[in-house]
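Residue-level listing of the chains:
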Amino acid sequence: MLFDFAAISPRERYKLLVSTITPRPIAWVVSQDLNGQLNAAPFSFFNALSGDPPVVGIGIGSHEPARPKDTRRNIRETREFVVNLVSEEAAAAMNITAIEFETGIDELAEAQLKTVTSVYVKPPRIAISPVSMECALMQIVELGPDNGLVLGRVLAMHVREDVVLDPAKHYIDTPRLKLIGRMHGSGWYVRTSDLVEMERIPRANWNLREHKTSSRG
Ligand SMILES: Cc1cc2nc3c(=O)[nH]c(=O)nc-3n(C[C@H](O)[C@H](O)[C@H](O)COP(=O)(O)O)c2cc1C
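The structure presented is a predicted model; accordingly, all values stated were derived computationally and were not measured.

1. Here we look at the pairing of strand 11 (residues 131-144)
Move 1: Here 5 bridges tie strand 8 (residues 80-84) to strand 11, and the two strands are oriented antiparallel to one another. Following the sheet pairing, Asn84 is matched in strand 11 by Ser132.
Move 2: Bridge count for strand 11 against strand 12 (residues 147-159) is 12 bridges, and the pairing is antiparallel. Bridged to Met133 within strand 12 is Met157.

Structure, rendered in structure tokens:
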């Protein structure tokens, strides 16, 4: 079935995007306003965009027209934030911080979350998160009047010690992080425990005829 995006409403376009582009990782962002007021909220329009420089991107909207979400406003004002990743054990607390609270409410306090002081930036990280990234704002790409893509440079990453397999080689036990991703609708998530492995094929090993023969058995 064809859905022509020119002929449907913004809400309908959003529904098609978020119910098909899945699973999406979740950035649980801690930021602060110019007065130091803390804020936390989850965002699943999120991914790593570049390794060098190390860049993450987060799409952040508005609560209503001309009222940007606190996270986007804070990051524009203070240019610093922390991206925490969400594990299964942190899911319920993350969901509390997504409540559309009024500006000025500290969601970390509402969800009774402990924080740890950051090394390079003012906002703290969330203690229960197995991975936290201290970020400096590179740029906000304005996507429309009420949406912006926040591009952040990762200055440092904190990884929970029991998932670091080899600190010298930077090997991480990824399945042990038990991260969750966002699926369709407003309430569906996915665990990262159903893994499949597929080796990359080196160019030198690629021979189409042989490959076809062998895959037919
Ligand atoms: C799992 C999850 C993912 C979300 N992803 C986004 C997103 O990518 N962009 C967005 O604008 N809002 C997203 N939201 C909604 C915000 O978290 C919510 O509007 C929050 O109240 C914003 O808080 P703030 O005003 O303190 O920044 C998401 C909510 C949940 C539960």
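2. Brief notes about the site of the ligand
Move 1: Residues in contact with the ligand amount to 19 residues; listed here are only the nearest, Asn39, Pro42, Ser44, His63 and Thr71.
Move 2: Within the backbone of Pro42, a nitrogen or oxygen atom sits 2.8 Å from an oxygen atom of the ligand.
Move 3: In the model, a nitrogen atom of the ligand is placed 3.0 Å from a nitrogen or oxygen of the Gly59 main chain.
Move 4: Counting residues per element, the ones that place at least two in the shell around the ligand are strand 3 (38-43), strand 5 (55-60) and helix 2 (70-78).
Move 5: The element contributing the most residues to the shell around the ligand is strand 3, with 4 residues.
Move 6: For the shell around the ligand, the per-class residue count stands at 8 nonpolar, 6 polar and 5 charged.

3. Digging into a nonpolar patch on the surface
Move 1: The grouping of Met1, Phe3, Phe5, Leu17 and Ile21 at the surface amounts to a nonpolar patch, some 560 Å² of accessible area in total.
Move 2: Positionally, Leu17 belongs in helix 1 (residues 10-20).

4. Side note on the side chain of Ser31
Move 1: Its location among the elements puts Ser31 in strand 2 (residues 27-32).
Move 2: Ser31 sits in the buried class, given a relative accessible area of 0%.
Move 3: Within polar-contact distance, the side chain of Ser31 engages the side chain of Asn74 at 3.1 Å.
Move 4: Residues within four places of Ser31 in sequence aside, it is in contact with Gln37, Leu38, Asn39, Thr71, Asn74, Ile75, Glu80, Phe81 and Pro123.

5. Quick look at unusual backbone geometry
Move 1: Look at the link from Thr22 to Pro23: it is a cis peptide, with omega at -10 degrees.
Move 2: You can see Pro23 is positioned in the loop between helix 1 and strand 1 (24-25).
Move 3: Phi is positive for Gln112, close to 50 degrees, though the residue is something other than glycine.
Move 4: Structurally, Gln112 can be placed in the loop between helix 4 (107-110) and strand 9 (115-116).
Move 5: Backbone geometry at His170 places phi at a positive 60 degrees, although glycine is not the residue there.
Move 6: Counting through the fold element by element, His170 comes out in the loop between strand 13 (164-166) and strand 14 (171-172).

Criteria and cut-off values
- Residues numbered from 1 in each chain as written.
- Predicted model: local features only at pLDDT ≥ 70, side-chain atom pairs only at ≥ 80, totals over all residues.
- Heavy atoms only, no water.
- Pairing = 2+ DSSP bridges.
- Helix = DSSP H or I, 4+ residues; strand = E, 2+ residues; numbered from the N terminus.
- Near = heavy atom within 4 Å.
- Polar contact = N/O pair within 3.5 Å; in protein donor to acceptor, adjacent residues only side chain to side chain.
- Nonpolar A, V, L, I, M, F, W, Y, C, P; charged D, E, K, R; others polar.
- Patch = residues over 30% accessible without salt bridge, like charges linked within 9 Å, V, L, I, M, F, W, Y side chains within 5 Å.
- Areas by Shrake-Rupley, 256 points an atom, 1.4 Å probe, with all protein chains shown as cover.
- Salt bridge = Lys/Arg side-chain N within 4 Å of Asp/Glu carboxyl O.
- Buried < 20%, exposed > 50% of the residue type's maximum accessible area, 1.4 Å probe, protein only.
- Contact = heavy atoms within 4.5 Å.

Geometric values such as these leave the question of function open.
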